[in-house]
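# Analysis of the macromolecular model
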Amino acid sequence: MSEPVAVTLEGPADYDEWRMAARRLLADGVSPDRVGFGLSTASGDLFGAQPTTSQQRPTLDARPIRVPREFRSLAREVICHSDASRFALLYRLLWRLRCEPRLLDNGADADVYIAR
């Protein structure tokens, strides 16, 4: 079994920071069930969650990831929510969109429903 990967984000509502972390994770093939997202203590994380493994540097040769425009818009809205699970939810959706490009059209899907 592979080690869990912890991602510590500085900004609680920073879409671009989450996007860069998600791109690294996708490029490295890290499945959503192995990822734990947290906020740095500087960003106001009440419990000061620390990463269990170090973050990796951005993958320079990563191929572009194509997602529907609707996902980018939805992700920017979800990032602004206060629910701590928002980062993991978005990464799960992003992971699934690679194989299910019409996923966001399925309003009955649990992840899509929660995100909306």
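Before going further, it helps to spend a moment on the packing of helix α1 (residues 15-27) against helix α3 (residues 86-97). In the contact formed by α1 and α3, the axes pass within 11 Å of each other and the chain directions differ by 45°. Classified by the angle between their axes, α1 and α3 sit oblique to one another. Along this stretch, α1 crosses α3, giving a crossing that reads as right-handed. For the pair α1 and α3, the contacting residues are Trp-18, Ala-22, Leu-25 and Leu-26 in the first and Phe-87, Leu-90, Tyr-91, Leu-94 and Trp-95 in the second.

Now for a positive patch on the surface. A cluster of basic residues, Arg-19, Arg-69, Arg-72 and Arg-76, forms a positive patch on the protein surface. For the positive patch, the leading source of residues is helix α2 (residues 69-79), giving 3 residues. Within the element layout of this structure, Arg-72 appears in helix α2. Look at Arg-72 and you get partly exposed, because its relative accessible area is 34%.

So, about the pattern of salt bridges. Counting across every chain of the model gives 6 salt bridges. Put simply, Arg-92 and Asp-111 hold a salt bridge, and the shortest N to O gap is 3.0 Å. Taken as a pair, Arg-92 in helix α3 and Asp-111 in helix α4 (residues 110-115) lie far apart in primary sequence, 19 residues in all. With relative accessibility at 31%, the residue Arg-92 sits in the partly exposed group. A salt bridge links Asp-111 to Arg-96; the shortest N-O distance between them is 3.1 Å. In this pair, Asp-111 is assigned in helix α4 and Arg-96 in helix α3, connecting sequence segments 15 residues apart. Within this structure, Arg-92, Arg-96, Glu-100, Asp-109 and Asp-111 form a network of salt bridges that share partners.

What follows deals with α2. Residues Phe-71, Leu-74, Ala-75, Val-78 and Ile-79 constitute the buried set of α2. Buried residues in α2, looked at end-on, bunch into an arc of 130°, giving them a common side. In this structure, α2 carries Arg-69 and Glu-77 as exposed residues pointing more than 90 degrees from its buried face. As for α2, its buried residues are in contact with α1, α3 and α4.

By the definition in use, this model includes 5 aromatic pairs. Ring centres of Trp-18 and Phe-71 lie 6.4 Å apart, and the angle between their planes is 50°; on these two criteria the pair is classed as tilted. Of the two residues, Trp-18 sits in helix α1 while Phe-71 sits in helix α2, which places them 53 residues apart along the sequence. Just as Trp-18 is buried, Phe-71 falls in that class too. Every member of this aromatic cluster is reached through a ring pair, and the members are Phe-37, Phe-87, Tyr-91 and Trp-95.

Conventions we followed
- Residues numbered from 1 in each chain as written.
- Predicted model: local features only at pLDDT ≥ 70, side-chain atom pairs only at ≥ 80, totals over all residues.
- Heavy atoms only, no water.
- Axes fitted to C-alpha atoms, helices over the stretch in contact; angles between N-to-C directions.
- Helix = DSSP H or I, 4+ residues; strand = E, 2+ residues; numbered from the N terminus.
- Parallel < 35°, antiparallel > 145°, perpendicular 65-115°, else oblique.
- Left-handed = near helix turned anticlockwise from the far one by under 90°.
- Contact = heavy atoms within 4.5 Å.
- Patch = residues over 30% accessible without salt bridge, like charges linked within 9 Å, V, L, I, M, F, W, Y side chains within 5 Å.
- Areas by Shrake-Rupley, 256 points an atom, 1.4 Å probe, with all protein chains shown as cover.
- Salt bridge = Lys/Arg side-chain N within 4 Å of Asp/Glu carboxyl O.
- Lys, Arg positive; Asp, Glu negative; His and termini not counted.
- Charge placed at Lys NZ, Arg CZ, Asp CG, Glu CD.
- Buried < 20%, exposed > 50% of the residue type's maximum accessible area, 1.4 Å probe, protein only.
- Arc of directions from axis to C-beta.
- Phe/Tyr/Trp six-rings, centres within 6.5 Å; stacked < 30°, edge-to-face > 60°.

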